[in-house]
Amino acid sequence: MTPTDPQRPAAELPTAAELPKAYVPADAEGAVRAKWDAARCFHAEPSAPGEAYAIFIPPPNVTAALHLGHAFNNSLQDLLTRYHRMKGANTLWMPGTDHAGIATQTVVEKRLLLQGKKRTDFTREAFVEKVQEWKDEYEATILGQLKSMGCSCDFDRTRFTMDETCATAVRTAFFTLFKDGLVYRGKRLVNWDPVTETALADDEVEMEEVDGHFWYLRYPLADGSGHVTVATTRPETMLGDTAVAINPKDPRAAALRGKKLRLPIVGREIPIVEDDYVVMPASMGGDPADPKAQFATGFLKVTPAHDQNDWDIGQRHGLAAINVMAPNGAISDRHGWTDVSDEAHAFVGLSREEARKRVVAWFKANGLLEDAKPYRHAVGHSYRSHVPVEPYLSDQWYVRVTDDRLRGTALRAMAKDQVEGALPAAVASGPAMSGDGELRFFPARYAKNFQMWHENIRDWCISRQLWWGHRIPVWSRRGEASALAAHLGALASLPSARASVRASRVADGAEVALSALAGAKGEHDLHVCLLDDSDGAALESAGFKRDPDVLDTWFSSALWPLSTLGWPDPSKWPEMAGLLDRYNPSSVLCTAREIITLWVSRMVMFNRYFLGRLPFRHVFIHAMIQDGHGQKMSKSLGNGVDPRDIIHSHGSDAMRFTLVSMATNTQDVRLPVDIVCPHTGDTFTPKWATASGGYTVADAIQSSPKDPSRKMVSGFGAATGVATPTADMPLARNTSARFDLGRNFANKLWNATRFALANLSQARPDSTKEPLTLLDRWMLARLERAVRAYDEAVADYEFHRVAEVVYDLVWRDFCDWYLEGIKPTVRSNATQQAVLAGTLDAILRLLHPICPFVTETLWPSVQALPNRAVAGLSLAPSALCATAAWPAPAASLRDDAALAEFARVQALVDAIRKVRGERQVSPKRRIALLAGDSVRALVTAAGGVVETLAGLETVSPSPATRPAGAVAIPFEGSELLLDGLADAVDASAERTRLSKLIAEREKQASGMRAKLDNAGYVAKAPPAVVEETRQKLAEIDADIAAARGALAALGG
RNA sequence: GGGCGCUUAGCUCAGUCGGUAGAGCACCGCCAUUACACGGCGGGUGUCGCAGGUUCGAGUCCUGCAGCGCUCACCA
């Protein structure tokens, strides 16, 4: 017989004595996890009954361990998962990790650098092997952290974005998009990191403020009739200028129309083009509110190969794009620049920075530098190498997300009422699909981000010049069009189900139809995309080379709701049978707002394109966890706090409860963190240092507060590799007093249960039932209300409300009032015993999604109670709390009369306690209440509760004359007397108390009188509101009169 | 610059339909009482960022301003 057996004999009933005096999480958590594992209760079976409830974990990347931001994210997902599991849903929470191409490769390269080694010292295979080792270590750490937090993921189904099933999905997706014309090779400007020589995604670019200059450069007109002046912050790019643009509305435009300029240094003749994009200077009619109008000259140098906006202008006007740089950022005549003059040769080979100085010097020396002004502006920097990103012309693979099949379906997925304005007509008229209008954001305002992103989206560069990731499955061969055309015959023998062929022109990257290839001129590329590697060798022997690049990490992340369920071929993996149909679309995606564009959008587009369904119906965007300085907790910054540290100091439930209570809809969470000294156990505030980027972080090495000679490594030091923990200098854990809230709460529940068990150990299941007391009715009504409020809060994804509801129910209602109130009666009232046991049982269930460990630990003891039957409270037995049914109080437990009457009881008790507190009456001292009929009736109805909680000895009718030592309290408009508070009355203290009370009430009364004297109020406010004010005023006036009478009796 | 949010008690934050503001922590007093000192009881004198407006009535709705944060854009 297991300890969880609800049939455990009464003789073995756990008693309060068996439970330690305080909840010790470390003693409980391991055993509880073992129980869950043994029962496999989080394993999802598609064939099992129940409505599907599925969540895909946002796969944490394997660069580092999880921090409290992840703990927050996962606590909320676990709350949802456990809640719906208990409500009877067929629940899947899919766990896994993300390979995070750039981030992980960078971390490993940094570590290698500490050993004096570079990536290129290894073969690609050997390097990938090293990254793999890192991944294995951190994947294990991350999964361990999730388990420590109590996450009820189906760990049997854990996936990794580069495992075989995910890789198959990535391969199929790429192949399909390629074949459908949604993946193409493009010659475009990308964010280029000239140090690491790879393209970067937009989100890998960090904007940093730098001090620069505006240089005003004169470009002479080719006919010698004068010059125009351009303003630029990057004069070195002028070597690649192919035009100067002017706004067509500029008054000077007409005179310059058709004229050419002679580009200084280079000697290139360039046109003046007219383009609306150019901002006119304020003096020429430009908008003075536009800051550009302040420093603009109205002439814009156009360098299509080194500036995105110039590229766009170039496209509009058919301008050449002349790339004047090598991949390392140096000026180069070998990457597209052919008209290098003798004068210009001097600049070839210079770095970007040096070239800038020399170009400025040249203009100055030649009298063409009109002006130079200091200017501070934001420039994109690589988050890897921290050098300015170069907009660089290169050949990359793109997903045509601007196609209606991708962008259009994403926009049409939005819930109609969350769409701002109307969708563009071209989008709205697109083909209908299942899931249209069903994607809903919580909070709703984030729908706008999603919409705006898609309306302004650009094609997505997916190739990365890295080694860690999904290698692009395209084999290419370059050559003259006619020569390549000769290969087409052989390629045609490849089955179209496994291979797809496309061709592009080298000069501009434009796609060329295969049928036109034979007749085309010049160098072309032939690209063959293969669904699997089996035909690769044949291609390679025919002179094709596989693309060395890998795919952007988000490409595989975008497939997460598909790949984890076995798409495209679930039958290939028997354990995945049925998953895709059962759990996709999933129920909700829980993530932070920064991810809306990077990930949410792409999952929606891909899931809809490949499967015709939404990946999830709801998107819940939660707050971000910041450190004590308001900085986002992040793996790369190293300011993250390991959840295991908090679990160590406070317990998992405490961490979870606190995090849930901080989950408000609008406010990011600021979490000041302390350090626990590993030498002494003392908690102290760390010494701070300023890291690169101006961030405030804990010093890598900290001193013990009591003995500064003893050192330790901070989490920041360890995370960034700045300091390595040793035996003498161990890693210090973090903690935070913010989690006391949750720890205290778990302990409160623990002790409330101990109390209940102690009082129910003698319970008699067969005793005659007595009617419910007011207190019992009230408790059940509060429970019923709490369950409703809980359900509503979860449905709205308002998690702090969930925490609030259970906190008030458990601490305020159950502990402070109910348990205190039943103390004199519970041992003899069998009905009350059932209410106590039933309420406690329901509370454990309600609390379980937030605090799974303490509730599961207490569960067997409470389940063993023999008498938990309460009419209207359905509490189906269950071996585990994790799989117990959600408590569903019947509507019959709603009892507004009991709530209202008990509210009066509480007000009465509060009023008496207040006087006791002010007069410092010992809790042991019993006093006498003298009151009128209505109050005595209330006391009687409360069945002893008032006497117990207010410490009353006797309750008697109001006497005709006030006893000498009695103290008066106004209550509900009449006077109560408390007698026996003290052996002797302190008349002076009493006068002070009454005067204060009168002043307080008079202030309230005058406010209400002012309202009622206002004719507008009486005439226009709802009659019920006016009537309420009148009643309140009458009551207050009566209170004042009573207090005045008492004051007079004291001779005041 | 665009968008979104925030500004309420010493601190961290709630505040739904507009009807005279709440919680936790901290702080003060009392309490070894038999579930819990990780506890109990009592204690709040807040210009609800500023200025206008709408309204009988504004923390709440509208406008403007200031400060802070996030995000997108920005190399003229």
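Analysis parameters
Residues numbered from 1 in each chain as written. Chains lettered and ligands numbered in written order. Predicted model: local features only at pLDDT ≥ 70, side-chain atom pairs only at ≥ 80, totals over all residues. Heavy atoms only, no water. Helix = DSSP H or I, 4+ residues; strand = E, 2+ residues; numbered from the N terminus. Buried < 20%, exposed > 50% of the residue type's maximum accessible area, 1.4 Å probe, protein only. Contact = heavy atoms within 4.5 Å. Areas by Shrake-Rupley, 256 points an atom, 1.4 Å probe, with all protein chains shown as cover. Lys, Arg positive; Asp, Glu negative; His and termini not counted. Charge placed at Lys NZ, Arg CZ, Asp CG, Glu CD. Salt bridge = Lys/Arg side-chain N within 4 Å of Asp/Glu carboxyl O. Axes fitted to C-alpha atoms, helices over the stretch in contact; angles between N-to-C directions. Parallel < 35°, antiparallel > 145°, perpendicular 65-115°, else oblique. Left-handed = near helix turned anticlockwise from the far one by under 90°. Nonpolar A, V, L, I, M, F, W, Y, C, P; charged D, E, K, R; others polar. Near = heavy atom within 4 Å. Polar contact = N/O pair within 3.5 Å; in protein donor to acceptor, adjacent residues only side chain to side chain. Phe/Tyr/Trp six-rings, centres within 6.5 Å; stacked < 30°, edge-to-face > 60°. Lys NZ or Arg CZ within 6 Å of the ring centre and 35° of its normal. Pairing = 2+ DSSP bridges. Disulfide = S-S within 2.5 Å. Expected span 1.5 Å × (residues − 1).

**Comments concerning the overall build of chain A**
Across its full length, chain A holds 35 helices and 40 strands. With respect to the three principal axes, the spread of C-alpha positions in chain A is 115 × 70 × 70 Å. A burial count over chain A gives 54% of its 1052 residues as buried. Sequence-distant contacts, at least 24 apart, represent 76% of the contacts inside chain A between residues at least 6 apart. Here chain A has roughly 43300 Å² of accessible surface; of this, 52% comes from carbon and sulfur atoms. When the 119 basic and 127 acidic side-chain charges of chain A are each reduced to a single mean position, those positions are 1 Å apart.

**Digging into the pattern of salt bridges**
Per the stated rule, a full pass over the model turns up 62 salt bridges. Residues D163 and R159 are paired through a salt bridge, measuring 2.9 Å at the closest nitrogen-oxygen approach. Taken as a pair, D163 and R159 share a single burial class, namely buried. Among the ionic pairs, K1032 bridges to E1028, the shortest N-O distance being 3.6 Å. Taken together, the residues K1032 and E1028, both in helix α35 (residues 1023–1049) and 4 residues apart, mark about one turn of the helix. By relative accessible area, K1032 is classed as partly exposed at 42%. The class of E1028 is partly exposed, set by a relative accessible area of 43%. Among the charged side chains, a salt-bridge network with shared partners connects R234, E236, R352, E353, R356 and E390.

**A word on the packing of helix α27 (residues 799–822) against helix α28 (residues 830–847)**
Orientation of α27 relative to α28, taken along the N-to-C sense of each, is 165°, at an axis distance of 12 Å. Comparing the axis directions of α27 and α28 gives the class roughly antiparallel. Between α27 and α28 the crossing geometry is left-handed. Across the interface between the two elements, V806, L809, V810, F814, Y818, L819 and I822 from α27 touch Q832, V835, L836, T839, L840, I843, L846 and L847 from α28. Residues of the contact of α27 with α28, tallied by class, amount to 13 nonpolar, 2 polar and no charged.

**Notes on the protein's contact with RNA strand B**
Of all residues adjacent to RNA strand B, which total 63 residues, the nearest are M207, R234, F295, G1007 and K1020. Sugar and phosphate atoms represent 63% of those atoms of RNA strand B found within 4 Å of the protein. A distance of 2.9 Å is found between a phosphate oxygen of RNA strand B and a side-chain nitrogen or oxygen belonging to K448. Interatomic distance of 2.4 Å between a backbone N/O atom of G1007 and a base oxygen of RNA strand B.

**Observations concerning the packing of aromatic side chains**
Per the counting criterion, the structure on display carries 38 aromatic pairs. For the pair W36 and F853, a centre-to-centre distance of 5.2 Å together with 35° between the ring planes defines the contact as tilted. Here W36 is found in helix α1 (residues 25–39), whereas its partner F853 is found in helix α29 (residues 852–863), with 817 residues between them in sequence. Of the aromatic side chains, those joined through ring pairs into one cluster are F174, F178, W397, W460, F555, W567, F606, Y609 and F610. Positioned over the ring face of F160 is K135, at 4.3 Å from the centre of the ring.

**A word on the sheet that holds strand β24 (residues 586–592)**
Spatial strand order, β15-β25-β24: 3 strands in an open sheet with parallel pairing. In the strand order of this sheet, the two ends are held by β15 (440–442) and β24, each with one partner. Along the sheet, successive strands turn relative to each other by an average axial angle of 20°, direction set aside. As paired elements, β15 and strand β25 (residues 616–622) share 3 bridges and run parallel to each other. The residue of β25 that forms the bridge with R440 is H618. Running at roughly 160° to β24, helix α2 (residues 68–86) makes contact with β24 and β25 of the sheet.

**Section: the pairing of strand β8 (residues 227–232)**
Working note: regular strand, side chains alternate between the two faces of the sheet. Most of β8 sits out of view: 5 of its 6 residues are buried. Where strand β7 (residues 205–220) and β8 come together, 6 bridges link them in antiparallel fashion. Within β8, the position partnered with L217 by the bridge is V230. Hairpin remark: β7 followed by β8, antiparallel, with 6 residues in the connecting loop; positive phi at G224, about 75°.

**Points about the side chain of R613**
Tracing the sequence through the fold places R613 in the loop between α21 (595–611) and β25. Only 3.1 Å separates the side chain of R613 from the backbone oxygen of L580, close enough to count as a polar contact. In contact with R613, not counting residues within four places along its chain, are S434, L580, D581, N584, P585, N607 and R608.

**With respect to the sheet that holds strand β34 (residues 733–735)**
Across the sheet, which stays open at both edges, the 3 strands sit in the order β29-β28-β34 with antiparallel pairing between neighbours. Edge positions in the sheet fall to β29 (683–684) and β34, since each has one partner strand and no second. The pairing of strand β28 (residues 674–676) with β29 spans 2 bridges and is antiparallel. In the strand pairing of β29, I675 is matched with F684.

**Some words on the side chain of N759**
Along the chain, the position of N759 falls in helix α25 (residues 740–760). Contacts of N759, omitting those with residues within four sequence positions, involve V826 and R827.

**Here we look at unusual backbone geometry**
P443 follows F442 through a cis peptide bond whose omega is -10°. Each neighbour pair has its own omega, and for N584 with P585 the value is 5°, a cis peptide bond. Looking at the element boundaries, P585 is found in the loop between α20 (579–583) and β24. Even without a glycine there, the phi angle at I265 is positive, about 65°. With respect to the secondary-structure elements, I265 resides in the loop between β10 (260–262) and β11 (269–274). Taking relative accessible area as the criterion, I265 reaches 6% and is therefore assigned buried.

**Observations concerning the state of the cysteines**
Taken as a whole and judged by the stated rule, the model has 0 disulfides. Free of any disulfide, C41 has its nearest cysteine sulfur in C881, 11 Å distant. Among the residues examined, C41 registers a relative accessible area of 12% and is labelled buried. Just so you know, C815 is unpaired, no disulfide at all, and the nearest cysteine sulfur is the one on C851, 13 Å from it. Taking the relative accessible area as the measure of exposure, C815 reaches 7% and is therefore buried.

**Quick look at the packing of α2 against helix α26 (residues 774–795)**
With their axes 12 Å apart at the nearest point, α2 and α26 run at an angle of 125° to one another. Judged by the angle between their axes, α2 and α26 are oblique. Seen along the crossing, α2 lies across α26 with a hand that is left-handed. Along the contact surface, α2 presents L79, L80 and Y83, while α26 presents Y790, D791 and V794. The residue inventory of the contact of α2 with α26, partitioned by class, reads 5 nonpolar, no polar and 1 charged.

**Topic: α35**
The end-to-end C-alpha separation of α35 is 39 Å, in line with the 39 Å expected for 27 residues at 1.5 Å each. Inspection of α35 places V1026, T1029, L1033, I1036, D1039, I1040, A1042, A1043, A1046 and L1047 among the buried residues, and these make up the whole buried set.

Spatial relationships are all this shows, so hold off on functional conclusions.
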